[in-house]
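A look at the structure
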Amino acid sequence: MVYRTIIEPFRIKSVEPLRFSTRSDRERALASAGWNLFGLQAEDVLIDLLTDSGTGAMSSEQWAAVMRGDESYAGSASFERFEATVRDLTGYAYVIPTHQGRAAERILFSETVRTGDVVPNNTHFDTTRANVEYQQAEARDLPCREAADLDSEAPFKGDLDVEALQRTLDEVGREHVPLVMVTITNNSGGGQPVSLANLRAVRAVCDEHEVPLFLDAARFAENAWFIVDREPGQHDRSPRAVAEELFRLADGCTLSLKKDGLGNIGGLLAMNDPDLAERCRNLLILTEGFPTYGGLAGRDLDALAQGLIEVTDPAYLRYRIRTAAYLAERAQEAGVPTVRPAGGHAVYLDAKRLLPHIPPHEYPAQALACELYLEGGVRGVEIGTLMFGRAGVDGHDSPAPHELVRLALPRRVYTQSHVDYVGEVIAGVRARADALRGYRIVEQPRWLRHFTARLEPLSATT
Ligand SMILES: *Cc1c(COP(=O)(O)O)cnc(C)c1O
């Protein structure tokens, strides 16, 4: 008998109570947060799907590892265990811990990228882009064609456009492309995976032009699972074996351990080039710390090493990836369109199609995100004109390409009944979709306005 129910592959040893609230409690909380979900107190949120970064639950073995942590300033045993684990997984000779992923990015790009350079990537994550641009260089996104079509069920919409990479290298010249990056999974592109075939093709182009290849590997384990599940000829392999191959196709990586490190904080930079490693370590000491801790406590290093071993467990990955697909199915059943196929770490609801009566400059995805909170205390994040739009000449914002609400799933935190509840909340909002109104911004900062802008519902003023 093969049972169809995919159960959570863990039982619960420590619980954290949720605080229930009424719709009027939530209306008050949201109003005082200026109708910006980033301004809420976390305890006013029932199911928090704002991000999957650093929000996961550690295992009992990780907590045991915390107690084993060695807090010696230099040469701690925790670092040795961390380094050995990362070397074993990635094959990279030099392992540099950092306090989170973006610190690894800053150090790597400071040492490799010069003014006027071009860094190709399938899609730069926002901190990656910012760190490339901070070096006065261009962060060039080269996603595959299928990535632009939200409805395409193509299995590897995270792939990098290899022909476009070839053209970039021919045009720009090897001397102005210090490295090529591939983000696995493609976070900004909906958490879509990159195929092994694509990464091999990228490697071949990099070899031809003698350019180093680095992975932005925050979700390497989720990407490996998609390869085992979807790529021809890979079904009999373990996610761990695939992950090992992915890392070995590149010359190094940056890695936010707040994602597939199953940690609440942490990152790393790793590579094979000894000279580059030496220069990166020198910079690390300046801002992050001594090379055997890099801004982390010994106990963090031990917990993260354990997380890197647990995260490729097939039972965990099956449950994880299925949870996102299951939530997407609940949304689609309720008549709420989503980006297809579901990503590894999140479900993206398409507000442009759900709320065609709200124009982009009235922030339809923000209207949907606010309503999910008011309806059931579910917090997601707007990825649309509030986040990406720019004020235009007529006073209206120029619209973002898509109006999405991302519901990101923290690792090992919520159970199936929590996800069922979120599905019901989505259906409840769907039933009243025609009555939803847009928002206007009453106050916004100059940069990254979505974090701190204050808004106002249009229904209250018209
Ligand atoms: C989160 C993330 C980063 C940055 O890592 P932090 O730990 O948040 O600094 C970089 N790249 C990708 C793909 C990410 O998801």
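Below: a short report on this structure. (Residues numbered from 1 in each chain as written. Predicted model: local features only at pLDDT ≥ 70, side-chain atom pairs only at ≥ 80, totals over all residues. Heavy atoms only, no water.)

**Comments concerning the site of the ligand**
The criterion, for reference: Neighbouring residues are identified by heavy atoms, a residue being near a molecule or strand if any of them is within 4 Å of it. A 3.5 Å cut-off defines polar contacts: any pair of N or O atoms within that distance qualifies, except that in protein one atom must be a possible hydrogen donor and the other a possible acceptor, and neighbouring residues in sequence count only when both atoms are side-chain atoms. Residue burial considers only the protein chains on display, and all accessible areas are found by Shrake-Rupley using a 1.4 Å probe.
Close to the ligand lie 15 residues, the nearest being R102, D216, R219, S256 and K259. Contact between the ligand and G101: an oxygen atom at 2.9 Å from a main-chain N or O atom of the residue. Here S256 contributes a side-chain N or O atom positioned 2.7 Å from an oxygen atom of the ligand. Protein chains bury 98% of the 380 Å² of accessible surface belonging to the ligand in isolation.

**Some thoughts on the pairing of strand β8 (residues 267-271)**
The condition is simple: Think of it in three bands: with a 1.4 Å probe and only protein chains considered, a residue is buried below 20% of the maximum accessible area for its type, exposed above 50%, and partly exposed in between. Secondary structure elements follow DSSP: runs of H or I no shorter than four residues count as helices, runs of E no shorter than two count as strands, and numbering proceeds from the N terminus. Any two strands between which DSSP finds at least two bridges are classified as paired.
Burial of β8 is extensive: five of the five residues sit out of reach of the surface. Neither face of β8 is open: one carries G267, L269 and M271, the other L268 and A270, and all of them are buried. Relative to β8, strand β2 (residues 94-98) is paired through five bridges, and the arrangement is antiparallel. Its bridge partner being in β8, T98 is matched across the sheet by G267. Summarising the sheet, strand β7 (residues 252-256) and β8 pair through five bridges and their orientation is antiparallel. For S256, the partnering residue across the bridge sits in β8 and is G267.

**Some remarks on the sheet that holds strand β9 (residues 346-350)**
Applied cut-off: Lines are fitted to the C-alpha atoms to define the axes, a helix being fitted only along its stretch in contact, and any angle between axes, read from their N-to-C directions, falls within 0 to 180 degrees. The contact rule is simple, with two residues in contact once any of their heavy atoms fall within 4.5 Å.
The sheet built from three strands is open, its strands ordered β9-β14-β11 with antiparallel pairing. Since the sheet does not close on itself, it has two edges, and those belong to β9 and β11 (381-383), each with one partner. Averaged over all pairs of adjacent strands, the angle between strand axes in this sheet comes to 30 degrees, irrespective of strand direction. Pairing of β11 with strand β14 (residues 404-408) involves three bridges; the strand directions are antiparallel. When the bridges of β14 are listed, I383 appears paired with L404. Helix α12 (residues 314-333) contacts β9 and β14 of the sheet and is inclined by roughly 20 degrees relative to β9. Across the face of the sheet, helix α14 (residues 364-376) comes into contact with β9, β11 and β14 while running at roughly 40 degrees to β14.

**Describing the pairing of β9**
Within a regular beta strand, the side chains point alternately toward one face of the sheet and then the other, so they alternate between its two faces. In terms of residue burial, β9 counts as a mostly covered element, since five of its five residues are buried. Residues of β9 alternate between two faces, with A346, Y348 and D350 on one and V347 and L349 on the opposite face, all of them buried. Pairing of β9 with β14 involves five bridges; the strand directions are antiparallel. Residue pairing in the sheet places L349 in a bridge with V405 of β14.

**Topic: the packing of helix α6 (residues 162-172) against helix α7 (residues 196-209)**
What counts is decided by this rule: In what follows, roughly perpendicular refers to angles from 65 to 115 degrees, roughly parallel to angles under 35, roughly antiparallel to angles over 145, and oblique to any angle outside these ranges. Note on convention: near helix rotated counterclockwise from far helix by under a right angle means a left-handed crossing. Clockwise means right-handed. For this classification, the nonpolar set comprises Ala, Val, Leu, Ile, Met, Phe, Trp, Tyr, Cys and Pro, the charged set comprises Asp, Glu, Lys and Arg, and every other residue, Gly included, is treated as polar.
Close contact between α6 and α7 brings their axes to 10 Å; oriented N to C, the two are set at 15 degrees. The angle between α6 and α7 falls in the class roughly parallel. Relative to α7, α6 is oriented so that their crossing is right-handed. Here V162, L165, Q166, L169 and D170 of α6 come into contact with α7, specifically with N198, A201, V202, V205, E208 and H209. Residues belonging to the contact of α6 with α7 are distributed by class as follows: six nonpolar, three polar and two charged.

**Regarding the nonpolar core**
Spelled out, the test is: Residues belong to one nonpolar core when they are buried, are Ala, Val, Leu, Ile, Met, Phe, Trp, Tyr or Cys, and are joined through side-chain atoms within 4.5 Å.
By size, the foremost hydrophobic cluster in this structure holds 57 residues, and its most contacted members are F82, V182, L215, F220, F247 and C253. Beyond its immediate stretch of four places on either side in the chain, F247 contacts L89, T90, Y92, L215, A217, F220, C253 and L255. Listed in part, the 48 residues of the second largest apolar core include A328, A365, A433 and L436.

**Here's the deal with α14**
Rules: The span expected for a helix works out to 1.5 Å for each residue beyond the first.
Relative to the 18 Å expected for 13 residues at 1.5 Å per residue, α14 spans 18 Å between its end C-alpha atoms, a close match to the ideal helical length. In terms of burial, α14 is largely enclosed, as 12 of its 13 residues are buried. All of the buried residues along α14 are P364, A365, Q366, A367, L368, A369, C370, E371, L372, Y373, L374 and G376. Downstream of α14 by one or two residues, G377 has phi in the positive range, about 75 degrees.

**Regarding helix α16 (residues 416-431)**
An α-helix turns once every 3.6 residues. As a result, residues three or four positions apart point the same way. With 16 residues, α16 extends 23 Å from end C-alpha to end C-alpha; this agrees with the ideal 22 Å at 1.5 Å per step. Here α16 has its buried residues at V419, V422, G423, V425, I426, G428 and V429. Buried residues in α16 make contact with β1 (47-48), α12, β9, α14, β10 (378-379) and β14.

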